[in-house]
Amino acid sequence: MNPIIEVNVQSEIGKLNGVILHTPGEEVENMTPENAERALYSDIINLSIAREEYKQISGVLSKITRTYQVRELLCNILQDDAVKAEVINRVEKIEPSISEESPCGRLKDKLLECTAEELSRLLIEGVEMTKDNLTKFLSKDWYALRPMHNFFFTRDASMSMYNDVLIGRMANSIRDRESIIMQSIFDFTPGFKTKTLTIPTEGETAPRQRHIEGGDVLIARDDILLIGNGARTSTQAIDMLIYEFMNRKSEKAQHIIVQQLPLEPESFIHLDMVFTLLDRDKCMVYAPLILNPGNYQTVHIKIQHGKLQSIRSEKNLLSALKKLGMDLEPVLCGGTDDWNQEREQWHSGANFFAVGPGQVLGYARNTHTMEAMNQAGFDILPAKDILADKINLADYKKYVITIEGSELPRGGGGARCMTMPVNRDNL
């Protein structure tokens, strides 16, 4: 594994020096049509094809930067018995059933006996009920510890935010263990040199009101956060983040621009499904929402010296950024045709991940979006040609690396969703 580097992410587009990935594993395969909806999928993924597609992402990134795998990072910290006990205690708090007695004993005790390698696998892939446990035959839930079906979307459970890591407070409890694992990785891996921030839950009533996920948090600049407010990130969680910045009492102003999102269709679950940054002067937008938000508010919040200085409504996201000195040219997801915009946004056509200014990854299937990117000055480079050494990235200044995506988009995300950067050059 690559040497660990400290957390430092001051923008969405600074040169990428380190990124956390999670290659889809058996946790994706362990799904049926009946539990797919509970797992937040709209369809079942073919694991063998998804892995081949994911190899393009991980392979290209391995050529460009340092990459880290969640399972390897988790396994490393679990080598320490004290850390292992703490991680299992954290899991027990959100899944107390692991301490219940069964004909086969307590699952918690069995987990404590596992090697680091085996435990890291089980925490991600899940623990099947044994044949001796008759509950298995009376229930359609065959797992004592459910698989983490969504974990290859590493962005949601943790967010590098400047020099800290904000731990996701997931909208759906099925994903809570992802947050526990990512928090533990950052808490117990000294080389990251960071602190984890969590959303307080004291006084919260059921159902959970304070939830925030990484797809809704974009770092536009070292003093500008963009946050989506919709199905996965609530106003209550945004308030908690505002209090965090107020408590820092920084002399430098911190700007938070909140973009309200529709609660449906499901392709609008995160801000990065309708808006991502491509270059110092360019961004990808789903025009019907970002350029013409209509009834969906755009709100600019300014914090300085520990106080809330101002809150004001803005025309749209780009207008708000322009007032702060970021004049961005929009590139249209799906091009100029309404029908193509809607189709390609559904397949994560607006979801790009930058490895440097003007250097991004996205899905090849969104052909009208790629045509718009090419017209905006981006060379279109197939990932398979880069991996076959047919293309030298050093020969190109501004480009989009295209990833084949027939299965991965079925999970509901794109290149940004599947990458969690830990270090970028400052712009």
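Along each chain, residues carry numbers from 1 onward, in the same order as the chain's sequence is written. Note on the predicted model: pLDDT of at least 70 is required for a residue's local features to be given, and 80 or more for side-chain atom pairs to be given and counted; whole-chain, interface and lining totals, by contrast, use all residues. By convention in this description, side-chain values take in all heavy atoms of the structure and omit both hydrogens and water.

The name that an unreviewed UniProt entry assigns to the protein is arginine deiminase, with the source organism given as Candidatus Odoribacter faecigallinarum. UniProt positions are given in the numbering used here, feature names are shortened, and annotations may be inferred rather than shown by experiment. The UniProt entry for the protein carries this comment under Pathway (unreviewed entry): "Amino-acid degradation; L-arginine degradation via ADI pathway; carbamoyl phosphate from L-arginine: step 1/2." The UniProt entry for the protein carries the following comment under Sequence similarities (unreviewed entry): "Belongs to the arginine deiminase family."

J.: Could you give me a rundown of the UniProt feature "active site" (unreviewed entry) in the protein, with the residues and numbers involved?
T.: Per the UniProt entry, the sites bearing "active site" (unreviewed entry) are Cys417 in this numbering. Note on conventions: DSSP H or I runs of at least 4 residues are helices, E runs of at least 2 residues are strands, and numbering of each starts at the N terminus. Within the secondary structure layout, cysteine 417 lies in the loop between strand 19 (399–403) and strand 20 (420–424). Residue contacts are counted whenever heavy atoms from the two residues lie within 4.5 Å of one another. When residues no more than four places from it in sequence are discounted, the contact partners of cysteine 417 are Phe152, Phe153, Thr154, Arg155, Asp272, Met273 and Asn351.

J.: Lay out the nonpolar core in plain terms, naming residues and giving numbers.
T.: Within this scheme, the nonpolar core is defined by two criteria: the residues are buried Ala, Val, Leu, Ile, Met, Phe, Trp, Tyr or Cys, and they are joined through side-chain atoms within 4.5 Å. Think of it in three bands: residues with accessible area under 20% of the maximum for their type are buried, residues over 50% are exposed, and the middle band is partly exposed, with areas taken using a 1.4 Å probe on protein chains only. The biggest cluster of nonpolar side chains holds 39 residues, and the ones touching the most others in it are Ile20, Leu111, Leu123, Ile185, Phe186 and Val422. Of all the secondary-structure elements, those providing two or more residues to this core are helix 4 (70–78), helix 5 (81–94), helix 6 (107–113), helix 7 (116–125), strand 6 (164–167), helix 8 (176–188) and strand 20. The element that contributes the greatest number of residues to this core is helix 4, accounting for six residues. Each residue touching isoleucine 20, except ones within four places of it in the same chain, is listed here: Tyr68, Val70, Leu73, Thr154, Met182, Phe186, Phe192, Met418, Thr419, Met420 and Val422. By size, the runner-up hydrophobic cluster in this structure holds 38 residues, among which are Leu226, Val285, Ala320 and Cys333.

J.: Go over the packing of helix 4 against helix 8 with me, naming the residues and quoting the values.
T.: The description of two packed helices rests on the angle between their axes and on the distance between the axes. For the pair helix 4 and helix 8, the least separation of the axes is 9 Å and the interaxial angle reads 55°. Here helix 4 lies oblique to helix 8, going by the angle between them. Regarding helix 4 and helix 8, the two cross each other, and that crossing is left-handed. The residues of helix 8 that touch helix 4, namely those facing Val70, Leu73, Leu74 and Ile77, are Ile181, Met182, Ser184, Ile185 and Phe188. Gly counts as polar in this scheme, as do all residues outside two lists: the nonpolar Ala, Val, Leu, Ile, Met, Phe, Trp, Tyr, Cys and Pro, and the charged Asp, Glu, Lys and Arg. Residues belonging to the contact of helix 4 with helix 8 are distributed by class as follows: eight nonpolar, one polar and no charged. Only the stretch in contact is used when fitting a helix axis, every axis being a line fitted to C-alpha atoms; angles between N-to-C directions are given from 0 to 180 degrees. Each angle receives one of four descriptions, namely roughly parallel if under 35 degrees, roughly antiparallel if over 145, roughly perpendicular if within 65 to 115, and oblique otherwise. In a left-handed crossing the near helix is turned counterclockwise from the far helix by less than a right angle, and in a right-handed crossing that turn is clockwise.

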